[in-house]
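# Commentary on secondary and tertiary structure
Below, each chain spelled out in residue letters.
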Amino acid sequence: MSSIFTKIINREIPSDIVYETNDIIVIKDINPQAKIHLLIIPKKHIETIDHLEETDKSLIADMFFVAKKVAFDLGVTWWYKLHFNVWKAWWQEVMHLHLHLLSNI
Ligand code: AMP
């Protein structure tokens, strides 16, 4: 299954890429809700938190380490917010797992 984020990962559509590893990409949110609004996205297509498998454990851990790194790189470490929206529990617009990083610093 594809998603708009898969198209971004595959460079089929443009986006503002902030950081990238073999497994994760970080982009600027197209509709920022704060001065800094990034999306930390696994390249593997996982729909939601509900769809995580045991084998995704290290990938999910890596997403948090990438979040920490970009927060440090941007100098926002004394205030930033991380959140996942989860389909069913809250409104999730893009059905491809992503961690929001927001800061107004
Ligand atoms: P969510 O409600 O957690 O699914 O949020 C999805 C986020 O993806 C929203 O904040 C959107 O603004 C953002 N978004 C959607 N399409 C794009 C895109 N092409 N490039 C960057 N961010 C996007």
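The rules we used
- Residues numbered from 1 in each chain as written.
- Predicted model: local features only at pLDDT ≥ 70, side-chain atom pairs only at ≥ 80, totals over all residues.
- Heavy atoms only, no water.
- Helix = DSSP H or I, 4+ residues; strand = E, 2+ residues; numbered from the N terminus.
- Expected span 1.5 Å × (residues − 1).
- Buried < 20%, exposed > 50% of the residue type's maximum accessible area, 1.4 Å probe, protein only.
- Arc of directions from axis to C-beta.
- Contact = heavy atoms within 4.5 Å.
- Pairing = 2+ DSSP bridges.
- Axes fitted to C-alpha atoms, helices over the stretch in contact; angles between N-to-C directions.
- Near = heavy atom within 4 Å.
- Polar contact = N/O pair within 3.5 Å; in protein donor to acceptor, adjacent residues only side chain to side chain.
- Areas by Shrake-Rupley, 256 points an atom, 1.4 Å probe, with all protein chains shown as cover.
- Nonpolar A, V, L, I, M, F, W, Y, C, P; charged D, E, K, R; others polar.

## Focus on helix α2 (residues 57-74)
In a regular helix each residue adds 1.5 Å, so 18 residues correspond to 26 Å; α2 covers 26 Å between its end C-alpha atoms and thus fits that length. Along α2, the residues classified as buried are Leu-59, Ile-60, Met-63, Val-66, Ala-67, Val-70 and Ala-71. With its buried residues spanning 135 degrees around the axis, α2 presents them on a single face. Of the exposed residues in α2, the ones pointing more than 90 degrees away from its buried face are Lys-57, Ser-58, Phe-65, Phe-72 and Asp-73. Tucked into the core, α2 has its buried residues touching β1 (17-20), β2 (24-28), β3 (36-42), β4 (81-83) and β5 (99-103).

## Observations concerning the sheet that holds β1
Strands pair in a sheet through their backbones, by hydrogen bonds, and they do so in one of two ways: parallel or antiparallel. Spatially, five strands are ordered β1-β2-β3-β5-β4 in an open sheet, and the strand pairing comes out antiparallel. In this open sheet, the two edge strands, each paired with only one partner strand, are β1 and β4. Sheet twist, expressed as the average angle between the axes of neighbouring strands with direction ignored, equals 20 degrees. Direction of pairing for β2 relative to β3: antiparallel, over a ladder of five bridges. Counted as the bridge partner of Lys-28 is Leu-38 from β3. Contacting β1, β2, β3, β4 and β5, α2 runs over the sheet at an angle of about 150 degrees to β3.

## Some remarks on the site of the ligand
Around the ligand sit 16 residues, and of these Asp-29, Asn-85, Glu-93, His-98 and His-100 come closest. Taking Val-94, its main chain carries an N or O atom lying 2.9 Å from an oxygen atom of the ligand. Within the contact set of the ligand, an oxygen atom lies 2.8 Å away from a side-chain nitrogen or oxygen of His-100. Burial of the ligand by the surrounding chains reaches 90%, relative to a free accessible area of 510 Å². Those elements that provide at least two residues to the shell around the ligand are α1 (4-9) and β2. Top element by residues in the shell around the ligand is α1. It accounts for three residues. Here the residues of the shell around the ligand sort into eight nonpolar, five polar and three charged.

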